[in-house]
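Structural overview
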Amino acid sequence: VKKHFNWENYLKETGSLAAPPHCFRQSRIPPSNDFRVGMKLEAHDPRNVTSVCIATVVGITGARLRLRLDGSDNKNDFWRLVDSSDIQPIGTCEKKGGMLQPPLGFQMNASSWPMFLLRTLNGAEMAPAAFFKKEPTKPAPNCFRVGMKLEAVDKKNPYLICPATIGDVKGDEVFITFDGWRGAFDYWCRYDSRDIFPVGWCGLTGDALQPPGNNVSLTKRSAKAQTSPSKVTQRPMQSPQKSAPAQRGRKPSRGKPTGQSSVPQ
Ligand code: MLZ
């Protein structure tokens, strides 16, 4: 019988520490999520970030919204926090003198965009401005250290938030390693990424934190204390960095569709 994942026990078992909340670009108390499925807003196209598009909320998960760009397919959904600067109320773009753009991969003929825009906005339920929260400011320096635990978005499966460990730190970048997955999902990101959260975040937002994979490594200290290593395999000689050195600089491309971001639901 698989026990429910519990950070307190897990930190003890692995002999590790949680990254302090002040290291993260996240509000100390997660913002409330007042959005509802079906509401529309403006969002930067993740595949073409200079474009501001119309998006529809197609799902709610903790403090995040599952978004789909109007005129796009259902294979390129993306997730944003309600306090992300990537989203704004409808009307914001025009107020700033900008023009709403069709999403990359607009499914119709480009010439039909103006009429499509009129129709998609006609009678739409627009998310009220008060639902959008101000993005937290960047923490001043990168204060992450190797070995600290956190919760992080799995960029290959962005609907998932999973237990992770800081595997390396280089300047303003941190290497996010996913506990128990042998490097398959690891990535580098900036220390002020909106995709990384302090331990306990999902518990506070009501998001479902995934359990670690099956190959969680223990420190020497905690391995000795461990009496029944049923779910936890000792793997003290392999550092997280060793398992994926080639990942350095291989940042997720924002220029092309991944096709990996959809989830059946
Ligand atoms: N079911 C998928 C998801 C793995 C998610 C890992 N997250 C760090 C798989 O097994 O590949």
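This text follows the structure it describes.
Residues numbered from 1 in each chain as written. Predicted model: local features only at pLDDT ≥ 70, side-chain atom pairs only at ≥ 80, totals over all residues. Heavy atoms only, no water.

Notes on helix α3 (residues 113-121)
We apply this condition: When accessible area is computed with a 1.4 Å probe and restricted to protein chains, residues below 20% of their type maximum are described as buried, those above 50% as exposed, and intermediate ones as partly exposed. Only DSSP runs of H or I with at least four residues qualify as helices, and only runs of E with at least two residues qualify as strands; both kinds are numbered from the N terminus onward. Picture the helix axis, draw a direction to every C-beta atom, and the arc is the one those directions span. Contact between two residues is taken to exist if any of their heavy atoms lie within 4.5 Å; hydrogens are not considered.
Residues Trp 113, Phe 116, Leu 117 and Thr 120 constitute the buried set of α3. The arc enclosing the buried residues of α3, seen along the axis, measures out at 100 degrees, which places them on a common side. Among the exposed residues of α3, those pointing more than 90 degrees away from its buried face are Pro 114, Leu 118 and Arg 119. Structurally, α3 contributes buried residues whose contacts are with β1 (40-45) and β2 (48-61). Two residues or fewer past α3, Gly 123 is found with a positive phi of approximately 70 degrees.

As for the pairing of strand β7 (residues 161-170)
It is a general feature of regular strands that their side chains alternate between the two faces of the sheet. Counted only if it meets this: Following DSSP output, two strands are said to pair if at least two bridges run between them.
In terms of residue burial, β7 counts as a mostly covered element, since eight of its 10 residues are buried. As judged from the five bridges shared by strand β6 (residues 149-153) and β7, these two strands associate in the antiparallel manner. Its bridge partner lying in β7, Lys 149 is registered against Thr 165. In terms of strand pairing, β7 meets strand β8 (residues 173-178) through six bridges, oriented antiparallel. Paired with Ile 166 across the strands is Ile 176, a residue of β8. Hairpin connection between β7 and β8: a loop of two residues separates the two successive antiparallel strands, and Gly 171 in this loop has a positive phi of roughly 60 degrees.

Topic: the sheet that holds β2
The five strands are arranged β4-β3-β2-β1-β5 in an open sheet whose pairing can be described as antiparallel. The outermost strands of the open sheet, each flanked by one partner alone, are β4 (78-81) and β5 (87-88). Where β1 meets β2, six bridges bridge the pair, whose relative direction is antiparallel. Its bridge partner being in β2, Leu 41 is matched across the sheet by Ala 55.

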